[in-house]
Amino acid sequence: MIHIHDLSKTYNGVTVLKIEELNIPKGEAFGLVGNNGAGKTTLFSALLDLIRPTTGYIQNGEVKVNESEAWKSHTASFIDESFLIGYLTAEEYFYFIGELRGQNKADVDALLAGFADFFNDEILGKRKYLRDLSKGNQKKVGIVATLIGNPDVIILDEPFANLDPTTQFRLKGIIKKLAQDTDITVLVSSHDLIHVTEVCERIVVLEKGSVVRDIRTSEATLKELETYFSKEDTVAENV
Amino acid sequence: MIKHFLNLEWKSFFRSAAFQTNIILKIFMALGALYFIGIFSMAGVGAYFGLEKAGLEPLQTVNRFLIYYLVVDLLIKYFLQKMPVVNIKPLLIIPFKKSKIVDFALGKTMVSFFNCIHAFFFIPFSVVLLIKGYDPLHVITWHIGILAMIYINNFINVFLNDALALVVGFATVIAAFGALQYYEVFDVTPYIGAYFQGLYDYVWLFIIPVVVVVIFYKVAHSFFLRRLYLDAGLATKAQMASTENLDWLDRFGKTASFLKNDIKLIKRNKRSRTTLIMSVVFLFYGLLFFSGGIESYDNPFMKIFAGIFVSGGFMFSFGQFVPSWDSSYYPLMMTQNIKYQEYLKSKWMLVVIATAISTVLGAFYLYFGWEAYAAILVGGIFNMGVNGHVVLLGGAYIKTPIDLTSNKKAFGDSSSFNVKTLLITVPKLLLPIALYALGHFTLGPVLGYALVALAGLAGFAFRDFMFKKIESVYKAEKYKTIAAYKQKN
C-alpha cells in the first residue's frame, strides 16, 4: 500500500530522515517507535506531503504523494491539533470532515453512535468549541474523525499521549479492530512500547532518521524493544 | 526585579518572529513609527497657527474638540491595545511578588505607543503656546491635566477589555453628539470644552484628573491582584457554542462546505469579526471623497480610488489574508480530500458575495449624484472580476499565521507586509485609476467608467484560467506556507 523509496530529509546539512526502502502492505497494522528527534513525525509529515523530501519519494496506493493528490481520498490522518478547527463544535467538525469525504449527516451520526463509550459523554452535545476542550478530548475528536468515510490508510501520530488510562484501553480496542480489517492499513507512532506492541503486527524502530529494527510482533517483541531502548541509555552514558 | 522584567521585554521584542523576518520589514516599521510621530508633531505645531489663521482662539478651540480626540483615542486603544495577559502566566510560579507583576503589567500599558504618541502632539502644541506668550504655569497645569485624561483612557481600556457593547454604545452617543453639532442642532462642545478650558484657567483644576488617574491605578491594581489566577483574570473565556443552520448554502455545491466554515470563522473569532467592522468603516470612507470635504480628494481619479475601497472593504480586510485565516489548521486542509481549486473558489465566492453586498449598500452615495455611485459600481465590478483574483494570488505570499482569538494587529498586520504583497497591491488600485484616466481624457468620464467595468467583466471571463494560475502558485508555495504557519509568535 505504501512504498518508500530512497527517502531522505535534510535541514541545513543535518539529515533527520534517511530510509532506503520500506514497504507497508495493505491491511498491515504498522507501529513506529523511536526517541524524540528520531524522525517519526517527519516521516508521517512526508507521507502526507506536508514536507518535501530532499531525495526519494513515497508512494501511497498507486501514486507518488507529491505528484498527485489522488491519495487524499483514501487516506485519513491525525498528527496534532493543527488537524482540528478550533472554532467548530465537535459535531460541526465531524460533519465537515464527513462532507469532504462524501458522507452525509446520517452516515456520520451512525459512525459516531459507535463511539459513545469512547467519548465518555464529554464531547457530543456539549455546546463547546473544540478550542475550549481539554487536550485529551481534542485528541479523541481528531482520532474519531479519521475513521469517517472508511479510509484505506489511517495515520495516527502518538494517539495514546494525553489520554486518560480508560480511554487508552478503549483506543487500543479501536485500533485492534482496525488492524484486524485486512483492507485498512494503520500507521501508529508511540512512545508507549506496551501499547504499540499490543496493537501492531509490525514494529519499526527509528533512530536518528534511520530504520534500526524492523520486527514482526511476537511474544518476545516487548522484551526486545525494552532491551533496545534501555541499552541505548547506557551507551549514551558511556559516551 | 524590574531589571528582569525589562530584560524579558527586550528579548520578547527583538526575538519575536515578526521582527526577525527581514530587514525591509524593520525599515518599514521604523518609517511607520516616524510617520506617525511626524504627523502628530506637525499637527501639534500646525494646530495653533492653523486655528489662528482661521480666526479662532487656538487653545479654546482645541479644548472644545478635545472630547472627540479622547473618544477616538479610547476607541483606538480598545481595538488595538491589549492587556499583556499571556506573558504573565510563566511569571506566577517564579519568586516574584504578585504585586510587582501587576505593577509591571499596568506599567507596560502606560508606556505603550498608544499613550506616548500623544506626547508628540501636546508637547509641540504646549511649546507653541509658551512661545506665543501664554502663561507658563497655566500651560503646564493644562498639559498635566490632559496627560492625566489620556491615562484615564488607558485605565478605562484596561477595565473594558472585553466589553464591546459598552464601547460601541459610548461611541454611538458621542457620534450622535457629533452629528447634532455638525447639523447645528445642538452643540455639546462648549459645555465639555469648558472643563478642558478650566484646566488652563484654574491652576488647581488639574488635580482632579490626576487624582482620578491615581485612583484608577489603585483600583486596577487591586482588581488584577485579586484576579491573578489561571481560572480568574488570566483565564481565556470559553464561549458558549452556538450552532447554526447554514444549509441554504448547499446550493453552491462542493464549495458550500467551505463557505459554511468561513461564515462560522468570521462569526466566532474576535479577529475576523473585526474585519466585518472594518468593511463597514470602509463603506463610509467614500464620504471623505464625495462630500468634497477634503480638497485634494476632490477629483475624478480619487473617486475611482474611493469606489474601489467602498465596495472592497471586506476584500481588503479579509480577502487580503486568505489563506492565513486557515493557518491554525492548514495541515488538515492540505491532507483532506479537497481539491485546491474548490478551496480557492469558495474563498473567492465569499469575497465576491461580500463585495456585491457592499456595492448594493453603497447605493446611498446616489445622494452625491449618479457619478459618485457609478464610481462605486464600476469599482465593485472591478473588485469582483479582477481584484478578487489578485487578492487570492497575493495571499499565496502572505505567510503570517493569524491567531484567530486575538484582536491585536487587526489593522495593518505589519508582519504580513512584504515586498511581494506590496507589488501585488499596486494593480488593485492603480490599474482601475489608469483605465479610468484613459477613458476620461479621450471621450470623457462615461468611457472611463465603462473601461473599468469592462476590465472587471473580462476578469470574470478569464476566471477559470486565473484559477489555474493561482492554484499552481499555491501548490508551489505549499511547503513553505505550512512551515511558516507552524511558527507561532
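Quick caveat: nothing in here was measured; it's all calculated off a predicted structure. (Residues numbered from 1 in each chain as written. Chains lettered and ligands numbered in written order. Predicted model: local features only at pLDDT ≥ 70, side-chain atom pairs only at ≥ 80, totals over all residues.)

1. Examining the overall build of chain B
Spelled out, the test is: Numbering of helices and strands runs from the N terminus; a helix is a DSSP stretch of H or I covering at least four residues, while a strand is a stretch of E covering at least two. Exposed residues have 12 or fewer other C-beta atoms within 10 Å of their own C-beta, buried residues have 20 or more, and partly exposed residues fall in between, where C-beta atoms are placed from the backbone.
On a plain count of helices and strands, chain B comes out with 21 helices and zero strands. Out of the 489 residues in chain B, the part that is buried amounts to 35%.

2. Describing the packing of helix 7 (residues 136-160) of chain B against helix 10 (residues 207-226) of chain B
Residues and elements named next belong to chain B. Stated formally: What counts as an axis is a line fitted to C-alpha atoms, over the stretch in contact for a helix, and the angles between N-to-C directions run from 0 to 180 degrees. For classification purposes, angles smaller than 35 degrees are called roughly parallel, those larger than 145 roughly antiparallel, those between 65 and 115 roughly perpendicular, and all remaining angles oblique. Two helices that cross are described as forming a left-handed crossing if the nearer one is turned anticlockwise from the farther one by less than a right angle, and a right-handed crossing if clockwise. Throughout, a residue-residue contact means that the two C-beta atoms, derived from backbone geometry, are no farther apart than 7 Å. All residues other than Ala, Val, Leu, Ile, Met, Phe, Trp, Tyr, Cys, Pro, Asp, Glu, Lys and Arg, Gly among them, are scored as polar; the first ten of these are nonpolar and the last four charged.
One way to put it is that helix 7 packs onto helix 10 with a least axis distance of 8 Å and a crossing angle of 25 degrees. Here helix 10 runs roughly parallel to helix 7, going by the angle between their axes. As helix 7 runs across helix 10, the sense of the crossing is left-handed. Across the interface between the two elements, Ile144, Gly145, Ala148, Met149, Tyr151, Ile152, Phe155, Val158 and Phe159 from helix 7 touch Pro209, Val210, Val212, Val213, Phe216, Tyr217 and Ala220 from helix 10. Its residues assigned to classes, the contact of helix 7 with helix 10 comprises 15 nonpolar, one polar and no charged.

3. Considering the environment of Gln59 of chain A
All names here are of chain A. Looking at the secondary structure, you find Gln59 in strand 4 (residues 55-60). On the basis of neighbour counts, which here come to 16 C-beta atoms within 10 Å, the residue Gln59 falls in the partly exposed class. Along the backbone, Gln59 and Ile4 are 55 residues apart, and their C-alpha atoms lie at a distance of 6.3 Å. Not counting residues up to four positions away in its chain, the partners in contact with Gln59 are Ile2, His3 and Lys64.

4. Some words on the interface of chain B and chain A
At the interface, 24 residues of chain B touch 24 residues of chain A. Its residues assigned to classes, the side of chain B that touches chain A comprises 13 nonpolar, nine polar and two charged.

5. So, unusual backbone geometry
The peptide bond linking Val322 of chain B to Pro323 of chain B adopts the cis configuration, its omega dihedral lying at 0 degrees. Positive phi outside glycine occurs at Asp121 of chain A, with the angle close to 65 degrees. When you line up the elements, Asp121 of chain A lands in the loop between helix 4 (116-119) and helix 5 (135-145). Positioned with a positive phi, Asn162 of chain A is a non-glycine residue whose angle comes to about 75 degrees. Given 15 C-beta atoms within a 10 Å radius, Asn162 of chain A is considered partly exposed.

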